[in-house]
Amino acid sequence: MDLMGMVNQAIASQDTEADGGLIGSILGNLNNAPVENNKIGGIASNLQGVLQAKGQGNAGGLMDVLQTVAATGAVEQLLANEQISAIAQRVGADPAMVKSVTPLIAQFLVKGSNARGGGLLQKVLSGEVDLGQMAGLIGMANKFL
C-alpha cells in the first residue's frame, strides 16, 4: 500500500478521530505557521527517530504525550531543549520552526491513531510509514493549494 493509501486507511478507521477534513486542517495550520515547506520533511524525519526511541513497547504512553503536545503545543513534553536545538541544526532551521511544526505532526498522529497508539502512530513507530516523506508530501501539496 502506498503512503497516501495508509493515511487514508487511518482516516477511514472507525477507532480514530480522523476524518476527511484532517489533511485540509493540517495544511491550513502549516500554511499559517512560520515554516519553510522544504524543512518540514527534515523536521518530521528527525521527530520520527525520537518517537521510535520513546515509543518502543509503549505506544499507549507515547500517545498520551502526543495528545498533550497536540492540544497544548507544549513541545517540551516530547522533546528536550537540546533535542529541539539538535533537530533545528541538522535540518538547517530555526528552533522556533521545530516548535511550531511538532504540535501539527502530533495532531496528525493523534487523529490518525486510536487511544492505544494503534493505526498511524504504530505504522510510524514500526517504520512502515516514513514521517519525513509524509510531511514532505503535505508540504508539497501545500504549495499547490
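First, a word on what this report is: a plain description of the structure on this page. Nothing here was measured: the structure is a model prediction, and the numbers come from that model.

1. Concerning the packing of helix α5 (residues 81-91) against helix α6 (residues 95-111)
Where α5 contacts α6, the two axes come as close as 8 Å, and the packing angle between them is 105 degrees. By the angle between their directions, the pair α5 and α6 is classed as roughly perpendicular. Seen from α5, the contacting residues are Asn81, Ile84, Ile87 and Ala88; seen from α6, they are Pro95, Val98 and Lys99. Tallied by class, the residues present in the contact of α5 with α6 amount to five nonpolar, one polar and one charged.

2. A short note on the pattern of salt bridges
Between side chains of opposite charge, a pair can form when the charged atoms approach closely. One pass over the structure, following the stated rule, counts two salt bridges. For Glu76, the salt bridge identified is with Lys99, shortest N-O distance 3.9 Å. Taken as a pair, Glu76 in the loop between α4 (59-72) and α5 and Lys99 in helix α6 lie far apart in primary sequence, 23 residues in all. Judged by relative accessible area, Lys99 falls into the partly exposed class, the value being 35%. Lys123 is paired through a salt bridge with Glu128; the nearest N and O atoms lie 3.7 Å apart.

3. Focus on the packing of α4 against α6
Close contact between α4 and α6 brings their axes to 8 Å; oriented N to C, the two are set at 125 degrees. Classified by the angle between their axes, α4 and α6 sit oblique to one another. Helix-helix and strand crossings are classified by hand; for α4 and α6 the assignment is left-handed. Across from Met63, Leu66, Gln67, Val69 and Ala70 in α4, the residues of α6 making contact are Thr102, Pro103, Ala106, Gln107, Leu109 and Val110.

4. A short note on the nonpolar core
Membership of the largest hydrophobic core comes to 35 residues, with the highest contact counts inside it found for Leu51, Leu66, Leu78, Leu79, Leu109 and Leu131. Mapped onto this core, the elements with two or more residues apiece are α3 (37-55), α4, α5, α6, α7 (120-126) and α8 (131-144). The element contributing the most residues to this core is α6, with eight residues.

5. Side note on the environment of Leu78
Note on placement: Leu78 falls in the loop between α4 and α5. Spatially, the C-alpha atom of Leu78 lies 7.4 Å from that of Leu66, the residues being 12 residues apart in sequence. Residues in contact with Leu78, not counting those within four places in the same chain, are Leu47, Val50, Leu51, Lys54, Leu62, Val65, Leu66, Val69, Gln83 and Thr102.

6. Let's talk about the environment of Gln52
Considering the arrangement of structural elements, one finds Gln52 in helix α3. Those residues in contact with Gln52 that sit more than four places away from it in its chain are Val124, Leu125, Ser126 and Gly127.

7. Digging into the side chain of Gln48
One can find Gln48 in helix α3. Sequence-distant contacts of Gln48, that is, excluding residues within four places in its chain, are made with Val124, Gly127, Val129, Asp130, Leu131 and Gly132.

8. What about α5?
Buried residues of α5: Ile84, Ile87, Ala88 and Val91, and no others. The arc that holds the buried residues of α5, viewed along the axis, is 100 degrees, so those residues lie on one side. Turned more than 90 degrees away from the buried face of α5, the exposed residues are Glu82, Gln89 and Arg90. Looking one or two residues beyond α5, the residue adopting positive phi is Gly92, at roughly 80 degrees.

9. Observations concerning α6
With 17 residues, α6 extends 25 Å from end C-alpha to end C-alpha; this agrees with the ideal 24 Å at 1.5 Å per step. Counting buried positions over the 17 residues of α6 gives 13, a clear majority of the element. Where α6 begins, the side chain of Asp94 points an oxygen toward the backbone nitrogen of Ala96, at a separation of 2.9 Å.

The rules behind these values
- Residues numbered from 1 in each chain as written.
- Predicted model: local features only at pLDDT ≥ 70, side-chain atom pairs only at ≥ 80, totals over all residues.
- Heavy atoms only, no water.
- Axes fitted to C-alpha atoms, helices over the stretch in contact; angles between N-to-C directions.
- Helix = DSSP H or I, 4+ residues; strand = E, 2+ residues; numbered from the N terminus.
- Parallel < 35°, antiparallel > 145°, perpendicular 65-115°, else oblique.
- Contact = heavy atoms within 4.5 Å.
- Nonpolar A, V, L, I, M, F, W, Y, C, P; charged D, E, K, R; others polar.
- Salt bridge = Lys/Arg side-chain N within 4 Å of Asp/Glu carboxyl O.
- Buried < 20%, exposed > 50% of the residue type's maximum accessible area, 1.4 Å probe, protein only.
- Left-handed = near helix turned anticlockwise from the far one by under 90°.
- Core = buried A, V, L, I, M, F, W, Y, C linked by side-chain atoms within 4.5 Å.
- Arc of directions from axis to C-beta.
- Expected span 1.5 Å × (residues − 1).
- Polar contact = N/O pair within 3.5 Å; in protein donor to acceptor, adjacent residues only side chain to side chain.

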